[in-house]
Amino acid sequence: DIVFLPAGSRVPADMVLLRTTDKSGGVFIRTDQLDGETDWKLRSTIAVTQGLPSDEALTRVRATVFADKPNKEIDQFVGTFTLHSLLP
């Protein structure tokens, strides 16, 4: 599923960042509800999806996301994004 999140949204789930309005693909997030830290942390989108011409183009992406099973180590995450095709 693709989820559109407006700025300032609280998300009680792990997400893979596909696109943002920032041309560099950077997103600042807060993790205070997880770890109590209120500092903003920079995260980056997937380069291939950030480079798409529009949000609508995301619906043409055929890809697989692999992510580790949930665990208590909030500072560690292993995941991969594999692009299979981009439909016309």
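Okay, so let's go over this structure.

Conventions we followed
- Residues numbered from 1 in each chain as written.
- Predicted model: local features only at pLDDT ≥ 70, side-chain atom pairs only at ≥ 80, totals over all residues.
- Heavy atoms only, no water.
- Helix = DSSP H or I, 4+ residues; strand = E, 2+ residues; numbered from the N terminus.
- Buried < 20%, exposed > 50% of the residue type's maximum accessible area, 1.4 Å probe, protein only.
- Contact = heavy atoms within 4.5 Å.
- Areas by Shrake-Rupley, 256 points an atom, 1.4 Å probe, with all protein chains shown as cover.
- Polar contact = N/O pair within 3.5 Å; in protein donor to acceptor, adjacent residues only side chain to side chain.
- Phe/Tyr/Trp six-rings, centres within 6.5 Å; stacked < 30°, edge-to-face > 60°.
- Lys NZ or Arg CZ within 6 Å of the ring centre and 35° of its normal.
- Salt bridge = Lys/Arg side-chain N within 4 Å of Asp/Glu carboxyl O.

The number of helices and strands found in the protein is 2 helices and 4 strands. Within the span of the protein, comprising 88 residues, buried residues form 15% of the whole. Counting contacts in the protein only where the partners sit at least 6 residues apart, residues at least 24 apart contribute 43% of the total. Summed over all atoms, the accessible surface of the protein reaches about 7300 Å², with 55% contributed by carbon and sulfur.

So, on to the side chain of Thr49. Turning to its location among the elements, Thr49 is positioned in helix H2 (residues 47-50). By relative accessible area, Thr49 is classed as buried at 2%. A polar side-chain atom of Thr49 sits 3.0 Å from the main-chain carbonyl oxygen of Ile46. Among residues more than four places away in sequence, those in contact with Thr49 are Leu18, Arg19, Leu58, Val61 and Phe81.

Right, let's talk about the packing of aromatic side chains for a bit. Following the criterion strictly, the structure yields 0 aromatic pairs and no others. Above the plane of the ring of Trp40 lies Arg30, whose end atom (NZ or CZ) is 5.5 Å from the centre.

Looking at the element boundaries, Thr45 is found in the loop between strand S2 (41-44) and H2. Relative accessible area serves as the criterion here: at 12%, Thr45 is assigned to the buried category. Those residues in contact with Thr45 that sit more than four places away from it in its chain are Leu17, Leu18, Arg19, Thr20, Gly25 and Gln50.

Moving on: the environment of Leu83. Looking at where Leu83 falls in the secondary structure, it is placed in strand S4 (residues 79-86). For Leu83 and Thr64, which are 19 residues apart along the polypeptide, the C-alpha to C-alpha distance reads 6.6 Å. In contact with Leu83, not counting residues within four places along its chain, are Val48, Val61, Arg62 and Ala63.

Take the pattern of salt bridges next. In the structure shown here, the tally under the stated rule is 4 salt bridges. Here Glu37 and Lys41 are joined by a salt bridge, their closest N and O atoms 3.4 Å apart. For Lys41, a relative accessible area of 15% puts it in the buried group. Residues participating in the shared-partner salt-bridge network are Arg10, Arg30 and Asp32.

With that out of the way, let us pick up the environment of Arg19. For Arg19, the location among the structural elements is in the segment before strand S1 (26-29). Here Arg19 falls in the partly exposed class, since its relative accessible area comes to 25%. Along the chain, Arg19 and Val48 lie 29 residues apart, while their C-alpha atoms are 9.2 Å from each other. With residues up to four places along the chain from it excluded, the contact list for Arg19 reads Thr45, Thr49, Gln50, Leu52, Pro53, Ser54, Asp55 and Leu58. Only 2.6 Å separates the side chain of Arg19 from the backbone oxygen of Leu52, close enough to count as a polar contact. For Arg19, the side chain forms a polar contact with the side chain of Asp55, separated by 2.7 Å.

None of the figures reported here should be taken as evidence of function without further support.
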